[in-house]
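# Coordinate inspection notes
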Amino acid sequence: GQQVMQIPQYQHVQEGEDFTTYCNSSTTLSNIQWYKQRPGGHPVFLIQLVKSGEVKKQKRLTFQFGEAKKNSSLHITATQTTDVGTYFCAGNGGATNKLIFGTGTLLAVQP
Amino acid sequence: NAGVTQTPKFQVLKTGQSMTLQCAQDMNHEYMSWYRQDPGMGLRLIHYSVGAGITDQGEVPNGYNVSRSTTEDFPLRLLSAAPSQTSVYFCASARTWSTEAFFGQGTRLTVV
């Protein structure tokens, strides 16, 4: 079945440093979604990418969808303590209507 | 606007007991799903539904049953709880299978 992996599993940065998490799917995705989960909270939708090679920005966050629609990345410029949490990618692959989540990247930001 | 409501928030079960985790949404969403979250394993799909009367298995369906008699409700039943089912459970709903998912607050379940 479809598998979605993320690396790294954990990242610790100093406030002001950049951060990137990578998402790789075993199958071609129809779209990719990104979610953020604060410690003790629930996942909250950030963005959806649909087109091959698509790039979207939200303030300090930049999201990319790979040309082959099998990988994606989230880049945060100049991290802040409010960026702390776990970032998940999620996608629908092939002929399935299942939304499969990646393993997540836990971001810790030291002030 | 309540969104997605899960009950209970916390539950402790003994091995072999059964229980139902409740999930209700008030956004008239067709797509609903259940995930479990375990450390280092992300969110794994248990069961999902694309509309009332229609359910299907996700990645880890064993030991769980679901039903979808109404658009609003999607309960998750644990038939005979096992310690391996200790986890945090999230219910989610979306307008369709490919649109933004809204999550409930989660249920932290411990099976002893």
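Each remark here, short or long, concerns the structure printed above.
Presented here is an overview of the structure given in this document. (Residues numbered from 1 in each chain as written. Chains lettered and ligands numbered in written order. Predicted model: local features only at pLDDT ≥ 70, side-chain atom pairs only at ≥ 80, totals over all residues. Heavy atoms only, no water.)

### Points about the packing of aromatic side chains
Test applied: For this analysis, a ring pair means two rings from Phe, Tyr or Trp (six-membered ring only for Trp) whose centres lie within 6.5 Å, classed as stacked if their planes differ by under 30 degrees, edge-to-face if by over 60, and tilted for the remaining angles. The helix count covers DSSP runs of H or I at least four residues long, the strand count covers runs of E at least two residues long, and both are numbered beginning at the N terminus. When accessible area is computed with a 1.4 Å probe and restricted to protein chains, residues below 20% of their type maximum are described as buried, those above 50% as exposed, and intermediate ones as partly exposed. For a Lys NZ or an Arg CZ to count as sitting over a ring, it must be within 6 Å of the ring centre and within 35 degrees of the ring normal.
Inspection of every chain in the model, using the stated rule, returns twelve aromatic pairs over all chains. Pairing F101 of chain A with F103 of chain B gives two aromatic rings, centres 5.8 Å apart and planes at 80°, and the pair type is edge-to-face. Taken together, the residues F101 of chain A in strand 10 (residues 100–101) and F103 of chain B in strand 10 (residues 101–103) connect one chain to another. The exposure class assigned to F103 of chain B is buried, which follows from its relative accessible area of 7%. Taken together, a centroid distance of 6.2 Å and an interplanar angle of 80° make the contact between F90 of chain B and F103 of chain B edge-to-face. Of this pair, F90 of chain B sits in strand 9 (residues 87–94) while F103 of chain B sits in strand 10, and the two are 13 residues apart along the sequence. Judged on exposure class, the residue F90 of chain B and its partner F103 of chain B are both buried. A connected cluster of aromatic rings, assembled from ring pairs, spans Y35, F45, F88 and F101 of chain A together with Y35, F90 and F103 of chain B. Across the ring face of F74 of chain B, the terminal group of R68 of chain B is positioned such that the distance to the ring centre comes to 6.0 Å.

### Focus: the sheet that holds strand 7 (residues 61–65) of chain A
Residue and element names in this part refer to chain A. Where we set the bar: When DSSP finds two or more bridges between a pair of strands, those strands are recorded as paired. With axes taken as lines fitted to C-alpha atoms, and helix axes fitted only over the stretch in contact, angles between N-to-C directions fall between 0 and 180 degrees.
As summarised here, the arrangement of the five strands in space is 1-3-8-7-6, forming an open sheet in which the pairing is antiparallel. Of all the strands in the sheet, just strand 1 (4–7) and strand 6 (55–58) have a single pairing partner and so form its edges. This sheet shows a mean twist of 15° between the axes of neighbouring strands, independent of strand direction. Of the strand pairs in this sheet, strand 1 and strand 3 (residues 19–25) are connected by four bridges, and their pairing is antiparallel. Following the sheet pairing, I7 is matched in strand 3 by Y22.

### With respect to the interface of chain A and chain B
Convention followed: A contact between two residues is defined here by any heavy atoms of the two lying within 4.5 Å. Accessible-area loss on putting two parts together, using a 1.4 Å probe and summing over both, is the definition of buried area adopted here. For this analysis, a salt bridge means a side-chain nitrogen from Lys or Arg found within 4 Å of a carboxyl oxygen belonging to Asp or Glu. In the scheme used here, Gly and all other residues not listed as nonpolar or charged are polar, with Ala, Val, Leu, Ile, Met, Phe, Trp, Tyr, Cys and Pro taken as nonpolar and Asp, Glu, Lys and Arg as charged.
With 22 residues of chain A in contact, the opposing surface of chain B contributes 22 residues. Here chain A packs against chain B, burying approximately 1800 Å² in sum over the two surfaces, 55% of which is carbon and sulfur. The interface formed by chain A and chain B includes zero salt bridges. Every element with two or more residues in the side of chain A that touches chain B is listed here: strand 4 (29–37), strand 5 (44–49), strand 9 (85–93) and strand 10 of chain A. The greatest single-element share of the side of chain A that touches chain B, amounting to five residues, is contributed by strand 4 of chain A. Partitioned by chemical class, the residues of the side of chain A that touches chain B number seven nonpolar, 14 polar and one charged.

### Examining the side chain of T99 of chain B
Within the fold, T99 of chain B resides in the loop between strand 9 and strand 10. Overall, the relative accessible area of 16% leaves T99 of chain B in the buried class. Those residues within four positions of T99 of chain B in sequence are excluded, and the remaining contacts are Q33 and Q48 of chain A together with A94 of chain B.

### Comments concerning the side chain of S33 of chain B
The residue S33 of chain B is located in strand 4 (residues 31–37) in this model. Residue S33 of chain B is classed as buried on the basis of its relative accessible area, which comes to 2%.

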